[in-house]
Amino acid sequence: MKAVPELTTYELPIDESLRSTLPYGTDGFPFACYRDKLQDYREQLIGWHWHREFEFTYISSGTVEFRAGTVHSSLSAGDCLFINSNTIHSFSNQEQAELMHLIFSPEFIAPKDSLIFQKYVQPFLSADCDFITLNQACAPDEPICQRIAQIFLEMQKPDAAKELDISIQLQLLWKDLWVYAGTTLHPSEKPGKKAAQSRLRSMLDYIQAHYAERLSLEDIAHSANISKSEALRCFKTGLQITPVNYLNDYRLNRAAGLMMSTSKTVETVALDVGFQSDGYFCYAFRKKFGCSPSVYRKQNMLR
């Protein structure tokens, strides 16, 4: 296997529902290891995203702000995170910071129809637990943090049996996590929580399929068969933003892409992404990117 790859994209690739489209291993070996430098990302932000895979993140340097829904945590070098399957989350910081990610499918631990999966993996998938923070300075957390760091070190070593080593180390890490938290997990007592995540993803799909059209809050809510107030609640809980603000932000990001990749006029780009007024479009664009659309195009063409 190759050494730990370093992401140098400026935005995490995601699909219409915010699902990360990065390759997390292969069908035969569904495991991936990534190193991120936040300063390589636009606004030093790894934006809202989710994936079906489990994730362990190790903060190797700097301080990182982690968000999942309305919860916010500040993590320092040496601290770790376990992020559960399907949890929408983001990372950010205003200074330099480096993160290391272990991302793998639940079936990497054991086949889905096995006793091990049902006893030691399924409880995490069913639990009302989006993530677990692990502080290196806390005695119970330290062994898990050290094992995560050790896996990253192992990834750097040439080894003909690297896949076996990774599998063994990850099994031991999962055992550590189970001993740490597994026995206290309980099935979600909030059955509406997973439904809210599903509704949110449906609305995101709808927005990104119809952003160029005239859309109202009612249209967005209707796409998930819920009321306007429930749509507002889903967005506030999941992304800390209103549906209309998310729609406008998405339109502006698409507009920025068009300004860089086409020669279309500002007025045409505004209409293409759903703004009915090019005056308001220019105002909103300047507020988000700090310059007019035309200046943004010139600056990016010079790079």
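Our structure is the block above this text.
What comes next is a walk through the structure. Here the structure is a predicted model, which is why all the values come from computation and not from measurement.

Observations concerning a nonpolar patch on the surface
Thinking step 1. A cluster of nonpolar side chains, namely L164, I168 and L172, defines an oily patch on the protein surface of about 270 Å² accessible area.
Thinking step 2. Locating L172 in the fold gives a position in helix α3 (residues 162-181).
Thinking step 3. With relative accessibility at 34%, the residue L172 sits in the partly exposed group.

Some words on helix α7 (residues 243-261)
Thinking step 1. For α7, built from 19 residues, the straight-helix expectation of 27 Å at 1.5 Å per residue is met to within 8% by its first-to-last C-alpha distance of 27 Å.
Thinking step 2. Along α7, the residues that are buried comprise P243, Y246, L247, N248, Y250, R251, L252, A255, A256 and M259.

Description of the packing of helix α2 (residues 142-156) against α3
Thinking step 1. One way to put it is that α2 packs onto α3 with a least axis distance of 10 Å and a crossing angle of 170 degrees. By the angle class used here, α2 and α3 are roughly antiparallel. Contacts between α2 and α3 involve I144, R147, I148, I151, E154, M155 and Q156 from the first element and K162, I166, Q169, L170, L172, L173, D176, L177 and Y180 from the second.
Thinking step 2. Looking at the contact of α2 with α3 residue by residue, the class counts come to 10 nonpolar, two polar and four charged.

Focus: the nonpolar core
Thinking step 1. Membership of the largest hydrophobic core comes to 38 residues, with the highest contact counts inside it found for M203, F235, L239, Y246, F281 and F285.
Thinking step 2. Listed by contribution, the elements that provide at least two residues to this core are α4 (191-210), α5 (217-222), α6 (228-239), α7, α8 (266-272) and α9 (278-289).
Thinking step 3. Broken down by element, this core gets its largest block of residues, seven residues, from α7.
Thinking step 4. Grouped together as the second largest cluster of nonpolar side chains are 36 residues, F31, Y58, M100 and I148 included.

Conventions we followed
Here, residues in each chain are numbered from 1, in the same order as that chain's written sequence. Given that this is a predicted model, residues contribute local features only at a pLDDT of at least 70 and side-chain atom pairs are listed and counted only at 80 or more, while totals for whole chains, interfaces and linings are drawn from all residues. Based on all heavy atoms of the structure, the side-chain values leave hydrogens and waters out of the count. Patches here: salt-bridge-free residues with over 30% relative accessible area, like charges joined within 9 Å, nonpolar side chains (Val, Leu, Ile, Met, Phe, Trp, Tyr) joined within 5 Å. Here the accessible surface of atoms and residues is derived via Shrake-Rupley with a 1.4 Å probe, and residues count as covered only by protein chains that are part of the display. A pairing counts as a salt bridge when a side-chain nitrogen of Lys or Arg comes within 4 Å of a carboxyl oxygen of Asp or Glu. The helix count covers DSSP runs of H or I at least four residues long, the strand count covers runs of E at least two residues long, and both are numbered beginning at the N terminus. Under the scheme applied here, a residue whose accessible area is under 20% of the maximum for its type counts as buried, over 50% as exposed, and between as partly exposed, the area being computed with a 1.4 Å probe on protein chains only. To estimate the expected span of a helix, count its residues, drop one, and scale the result by 1.5 Å. Angles run from 0 to 180 degrees between N-to-C directions of axes, and those axes are lines fitted to C-alpha atoms, restricted for helices to the stretch in contact. Angle categories: roughly parallel below 35 degrees, roughly antiparallel above 145, roughly perpendicular from 65 to 115, and oblique for all the rest. Any two residues whose heavy atoms approach within 4.5 Å at even a single point are treated as in contact. Lys, Arg, Asp and Glu make up the charged group, whereas Ala, Val, Leu, Ile, Met, Phe, Trp, Tyr, Cys and Pro make up the nonpolar group; the residues left over, Gly among them, are polar. Residues grouped as a nonpolar core are buried Ala, Val, Leu, Ile, Met, Phe, Trp, Tyr and Cys residues, joined through side-chain atoms within 4.5 Å.

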